[in-house]
Amino acid sequence: MDKSYNPTSIEDKNYNLWIDNKYYKAEPDKNKIPFSIVIPPPNITGSLHIGHALNNTLQDILVRYKKMSGYDVLWVPGTDHAGIATQIMVEKDLLKEGISKHDLGREEFVKKIWQWKEESGGQIIHQLKKLGALPDWSRERFTMDEGLSKAVRKVFVELYKQGLIFKDKRLVNWDPKLKTAISDLEVEQREQNGKYWYIKYQLASDKNKFLVVATTRPETMLGDTAVAVHPEDERYKEFVGKNVILPLVNKEIPIISDEYSDPEKGTGAVKITPAHDFNDFEVGKRHNLEQINILDIDGKINNNAPKKYIGLDRFEARNNIINDLEALELIVKVEDTIHSVPIGDRSGEIIEPYLTDQWYVDTKILAKDAIKAVKSGKIKFYPKYWENTYFEWMNNIEPWCISRQIWWGHQIPAWYGPDGKVFVEENELDAKSASKKYYKKDVELKRDTDVLDTWFSSGLWPFSTMGWPEKTDDINTYYPTQTLITGFDIIFFWVARMIMLGLKFTGKPPFSDIYIHGLIRDENGQKMSKTKGNVIDPLDVANEYGADSLRFSLTALASQGRDIKLSFPVIEGYRNFMNKIWNASRFVILNLEKNTKYSNRIKTENLQTIDKWILNKLNKTINSVNTHYDNYEYDKVASSIYHFIWNEYCDWYIELSKKELYGDDPSKKTLKLEILLKVLVDSLKLLHPISPYISEEIYQILSKTGYKGSQKKSILLEEAPVNIDDYEFENEYREIEYIKEIVVAIRNIRANVGIHPSDKIDIELNPENNNIENIIKNNLIPIQIMSSTKNIKIVKSSANNKSITSVIQGLEINLPVEGVIDVGKEVVRLEKDLGKLSNDLSKTSKKLSSSNFLEKAPPEVVSKEKGKLEEFKFQISKIQEILNKLKNI
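All figures in this text were calculated on a predicted structure; none of them were measured in a lab.

When helices and strands are counted, the chain shows 29 helices and 29 strands. Across its three principal directions, the C-alpha atoms of the chain cover 105 × 65 × 55 Å. Among the 889 residues that make up the chain, the fraction classed as buried is 53%. Side chains of the chain give 124 positive and 129 negative charges; the mean places of these two sets differ by 2 Å.

As structure tokens, this is what we get:
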């Protein structure tokens, strides 16, 4: 076994072991309970970021844990075709050659994208393998596979024929650069400097009276069809029902009463442009207002505007309109403002609310069963409070715009006859048949050029990936899935739609548990971004620290309901944990005798108290890990394993085993090694789901020693550790836990008076009863070894004034310091520490008494400062207590 842990040398080797032997592959087994999970499909254009690393690590942990727990496990991998993102990427590549998509035409352009997909797409899948993700690669799917495409067409046609898909003219997020509708998720709201223009709208019945409205987008006034005021705004009650003259357009529009208008904002009167503002669109519907679209698909002014503005870019038109309004003396004032501007995340273009014909799903109908499924408990959210977010969205759901004006994606299965009559069928042959039946003759049909929103196909992912609409073995065995692991940002865009479509087309919820993980932030709680320079690249981390260290870091920080603050010191800390595991394993292996057969069944009759303690502690850790897995408490799983391996096994049990390992009694040595091996292998099994590489590597090395407890071809084929009734040594467990309290107290006394950990000291112990005295006498050697003491004296009286004392339950611990430390020097050191702590206490108290700090600081920062304050007070009281004793010596 190599002296040092080197992740680079073991990762590819062990991943290939799993791949070559197809340990990832699901094989339906009627004797096992099925457990299935589907990967949230990453975009084929994407590369692995830290959020992917977290999400897929948590999935991989669950899958490995369930495999080792005896389940028939399927984890379905795959990628999303990412319509807009992929099309943009391929268009950019073509433009480098001076070719546009229009030069190629739709069919050839789509062929180019498929070619790019085969050559360059799916890079993220290779990166996931680097992190150790082990889904069933034989079942890898793509959202535009023929099987999935068939499912998409069937769902679209059935929803249309049931009246749940329809075409309508409504407002959408329009990207003038990409010339397509985009989803809310593809729109970023960015704060930008802007202006409020206050514009006079003359009353039609009185040339001397005006209503003043404020706007940040004066170009949209060309499409105004009303001015709205609040019904309870006394300033405007006399004007409601009258008309104003729309400047520059010179037509009359009504003054209406609507609660959308805010009397406290601006002038209290707002211009209403139903075709270019989402709120105005709703106002327009309530008042039956005309919808006037004044932009074309390029964001230029169209023929619905006065002639002088037609053909101008929207921002050029804005400048001309402002100039014209100023010339007419209709601008009252201009205010600087900072406002939120919608930006397309792919194009970087300002997005326009745009009135256009699109295809929609009537989600209000579909949402009813989806809401019931969560309310009834058939689907559970972890943490539970995300249900509130889900219900808020679902109860206020709007029709879902599913059409996109691009070429890459699932083309909508709709064909139009000569008179515009639409025929929606799964293929052109069926559409022609339907049209012939309608027209009584063959006619030329033209297919709808739009493609479906990417979220439409990914909404079918849990069942389409398993072969639906065919009745496949996978559907029968593994659907519905059990768990979905995802981020909170796509609860509506993906999770809710999977629930709606899964219930509609399979009659079953697509999953029963939804685990929502937090967002990864930097160590200061800031969102990671390239502009801030605080992005952590998971592949760089894996290359430097090892994939296991990264995986354990992410798991240890994955606390329910909280974002994750990730930093390199944290990752380094868990890399040290990997080193600790390696070194402990190496120590055990180096102590094995070549010709000795070590049993994995521990005989309990010759066990020492410390042996019974570690075996009982192993039982408790196994129980704890299983409970935390059941509740998706990943951080607590990691914490239980970490503390058991580092604190109990390495720091205590291995240290206390050295007496037998280096002693002359071979039978005692063999028994001790059997316990060390048993606990080590079970620890590796517990560790494996989180840190698969190091656990597999050590397991493989152990298997070569002939140890019976590690003879499977892979640790992944082992059964997860289980609680063993024979190891329920509760009395011995409590006894050693008490001894640990004694040792910790002794260590604290030493530290408080500046005695080096390796310096041997004398200690006096004053137990309050015979039971505690017997416990101490039975464990004198462990106390001496772990507290670095020379002599331990059991006394029957309290300490004299030349000792430093600590008290724990049932025991007084005394450290005689005369002749052991330089009392005067120690007093000086402690007084210096006291002064620093008092200064820190004063600063923290001042901060917490500042109303400015309490108002502006986040709650977690205030809580942290309060914790520091209490800690400073505690430390000061301890030092003062020790100083008082030292000054009396």
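A word on the sheet that holds strand S27 (residues 789-794). Strand order in the open sheet made by the 4 strands is S27-S26-S29-S28, with mixed pairing throughout. Each edge of the sheet is formed by a strand with only one pairing partner; in this case those strands are S27 and strand S28 (803-808). On average, each strand axis in the sheet is tilted by 25° relative to the strand beside it, whichever way the strands run. Inspection of the sheet shows S28 paired to strand S29 (residues 811-816) by 6 bridges, in the antiparallel sense.

A word on the pattern of salt bridges. Going through the model one piece at a time under the given rule, you end up with 59 salt bridges. In this structure, the salt-bridge partner of Asp60 is Arg551, at a minimum N-O distance of 2.7 Å. A residue pair is termed long-range when its members are at least 10 positions apart, and Asp60 in helix H2 (residues 50-68) and Arg551 in helix H18 (residues 547-557) qualify at 491 residues. The closest approach of N and O atoms between Lys658 and Glu655, which form a salt bridge, is 2.9 Å.

Here we come to helix H8 (residues 278-287). Given 3.6 residues per helical turn, the α-helix brings residues three or four places apart onto the same face. Within H8, burial applies to Asp280, Phe281, Val283 and Gly284. Viewed along the axis of H8, the buried residues span an arc of 165°, placing them on a single side of the element. Next to the buried residues of H8 lie strand S5 (165-175), strand S11 (251-257), strand S12 (269-272) and strand S14 (352-361). One side-chain oxygen at the N-terminal end of H8 lies 2.9 Å from the backbone nitrogen of Asn279; it belongs to Asp277.

Here S28 lies mainly inside the structure; 5 of its 6 residues are buried. From the end of S28 to the start of S29, which pair antiparallel, there are 2 residues, and Gly810 there has a positive phi angle of about 80°.

Ring pairs (aromatic) are described by centroid distance and by the angle formed between their planes. Within this structure, the stated rule accounts for 39 aromatic pairs. An angle of 20° between the planes, with centres 5.9 Å apart, marks the rings of Phe166 and Tyr360 as stacked. With Phe166 in strand S5 and Tyr360 in strand S14, the pair connects residues that are 194 residues apart, well separated along the chain. In this structure an aromatic cluster arises from ring pairing among Phe156, Tyr160, Trp359, Trp400 and Phe456. For the cation-ring pair, Lys117 lies above Phe142, with the distance from its terminal atom to the ring centre recorded as 4.3 Å. Of note, Lys620 hangs over the ring of Tyr733, and the distance from its end group to the ring centre comes to 4.6 Å.

Here the focus is unusual backbone geometry. Of the consecutive residues Tyr382 and Pro383, the connecting peptide bond is found in the cis state with omega at -5°. Structurally, Pro383 is set in the loop between strand S15 (380-382) and helix H11 (386-395). The omega torsion across Trp468 and Pro469 is 15°, close enough to zero to call that bond cis. Tracing the backbone shows Pro469 in the loop between helix H14 (461-464) and helix H15 (473-478). If you check the backbone angles, Asn288 has positive phi at about 55° while not being a glycine. Here Asn288 is to be found in the loop between H8 and helix H9 (314-327). Of the residues examined, Asn288 reaches a relative accessible area of 71% and is grouped as exposed.

We now examine the packing of helix H19 (residues 568-590) against helix H22 (residues 666-687). Two numbers describe a pair of packed helices, the interaxial angle and the distance between the axes. Where H19 meets H22, the closest approach of the two axes is 10 Å, and the angle between their N-to-C directions is 150°. As judged from the angle between their axes, H19 and H22 are roughly antiparallel. When you trace H19 past H22, the crossing you get is left-handed. Residue-level contacts link Phe577, Ile581, Ser585 and Val588 of H19 to Leu673, Leu676, Leu677, Leu680, Leu684 and Leu687 of H22. Across the contact of H19 with H22, the residue classes break down as 9 nonpolar, 1 polar and no charged.

The next subject is the side chain of Arg318. Within the secondary structure, Arg318 is located in helix H9. For Arg318, a relative accessible area of 19% gives the class buried. Contacts of Arg318, omitting those with residues within four sequence positions, involve Trp197, Thr216, Arg217, Pro218 and Glu219.

With 12 residues, helix H23 (residues 692-703) should cover 16 Å at 1.5 Å per step; its first-to-last C-alpha distance of 16 Å lies within 8% of that length. H23 sits mainly inside the fold: 12 of its 12 residues count as buried. Taken residue by residue, H23 has Pro692, Tyr693, Ile694, Ser695, Glu696, Glu697, Ile698, Tyr699, Gln700, Ile701, Leu702 and Ser703 as its buried positions. Structurally, H23 contributes buried residues whose contacts are with helix H1 (7-20), H2, helix H6 (123-130), H18, H19 and H22.

The sheet contact formed by strand S7 (residues 187-203) and strand S13 (residues 331-344) spans 13 bridges and is antiparallel. Bridge pairing links Gln192 to His339 in S13. What sits between S7 and strand S8 (residues 206-215) in their antiparallel hairpin is a turn of 2 residues. Two strands pair when backbone bridges link them, and S7 and strand S10 (residues 243-246) are joined in this way by 2 bridges, in the antiparallel orientation.

Ranked by internal contacts, the top residues of the largest apolar core, which has 212 residues, are Trp359, Tyr390, Phe456 and Ile742. Among the elements that line this core, the one with the most residues is helix H21 (residues 634-661), at 13 residues. The contact partners of Tyr390, leaving out residues within four places of it in the chain, are Ala370, Ile371, Val374, Phe381, Ile491, Ala496 and Ile499. Counting residues in each nonpolar core, the second largest holds 37 residues, with Ala181, Tyr236, Phe239 and Ile253 among its members.

Together, Asp537, Asp540, Glu544 and Glu572 line one region of the surface with negative charge. Its place among the elements puts Asp537 in the loop between strand S24 (520-521) and helix H17 (538-545).

Thresholds applied
- Residue positions are given per chain, counted from 1 along the sequence in the order it is written.
- Given that the model is predicted, a residue must reach a pLDDT of at least 70 before its local features are reported, and side-chain atom pairs must reach 80 or more before they are shown or counted; all residues, however, enter totals for whole chains, interfaces and linings.
- Water and hydrogen atoms play no part in the side-chain values, which are based on all heavy atoms of the structure.
- Each helix is a run of DSSP H or I of at least 4 residues and each strand a run of E of at least 2, with the numbering of both proceeding from the N terminus.
- Whether a residue is buried, partly exposed or exposed follows from its accessible area with a 1.4 Å probe, protein chains only, as a fraction of its type maximum: under 20%, in between, or over 50%, in that order.
- Here Asp and Glu are counted as negative and Lys and Arg as positive; His is not counted, and neither are the chain ends.
- Charge placement uses NZ in Lys and CZ in Arg. For Asp and Glu, CG and CD serve respectively.
- Being paired, for any two strands, means DSSP has found at least two bridges between them.
- To get an axis, fit a line to the C-alpha atoms, keeping to the stretch in contact for a helix; angles then go from 0 to 180 degrees between the N-to-C directions.
- Basic side-chain nitrogens of Lys or Arg form a salt bridge, by our definition, when they fall within 4 Å of a carboxyl oxygen of Asp or Glu.
- This arc is built from the directions going out from the helix axis to the C-beta atoms.
- We call two residues in contact when some of their heavy atoms are within 4.5 Å.
- Counted as a polar contact is a pair of N or O atoms within 3.5 Å, where, for protein atoms, one must be capable of donating a hydrogen and the other of accepting one, and residues adjacent in sequence contribute only when both atoms are in side chains.
- Planes of paired rings set the category: under 30 degrees apart is stacked, over 60 is edge-to-face and the rest tilted, where pairs are Phe, Tyr or Trp rings (Trp by its six-membered ring) whose centres lie within 6.5 Å.
- Each ring is checked for a lysine NZ or an arginine CZ that lies within 6 Å of its centre and within 35 degrees of its normal; such an atom marks a charge sitting over the ring.
- Reported orientations rely on four angle classes, namely roughly parallel under 35 degrees, roughly antiparallel over 145, roughly perpendicular from 65 to 115, and oblique for the rest.
- Throughout, a crossing is termed right-handed when the near helix is turned clockwise from the far one, and left-handed when it is turned anticlockwise from it by less than a right angle.
- Throughout this entry, Asp, Glu, Lys and Arg are counted as charged residues, while Ala, Val, Leu, Ile, Met, Phe, Trp, Tyr, Cys and Pro are counted as nonpolar. The remaining residues, Gly among them, count as polar.
- In this scheme, a helix's expected span is set at 1.5 Å multiplied by one less than its residue total.
- Nine residue types can take part in a nonpolar core, namely buried Ala, Val, Leu, Ile, Met, Phe, Trp, Tyr and Cys, and a core is a set of them joined through side-chain atoms within 4.5 Å.
- Residues enter patches when their relative accessible area tops 30% and they take part in no salt bridge; the joining distance is 9 Å for like charges and 5 Å for the nonpolar side chains Val, Leu, Ile, Met, Phe, Trp and Tyr.
- Only the protein chains shown count as cover for residues, with accessible areas throughout obtained via the Shrake-Rupley method and a probe of 1.4 Å.

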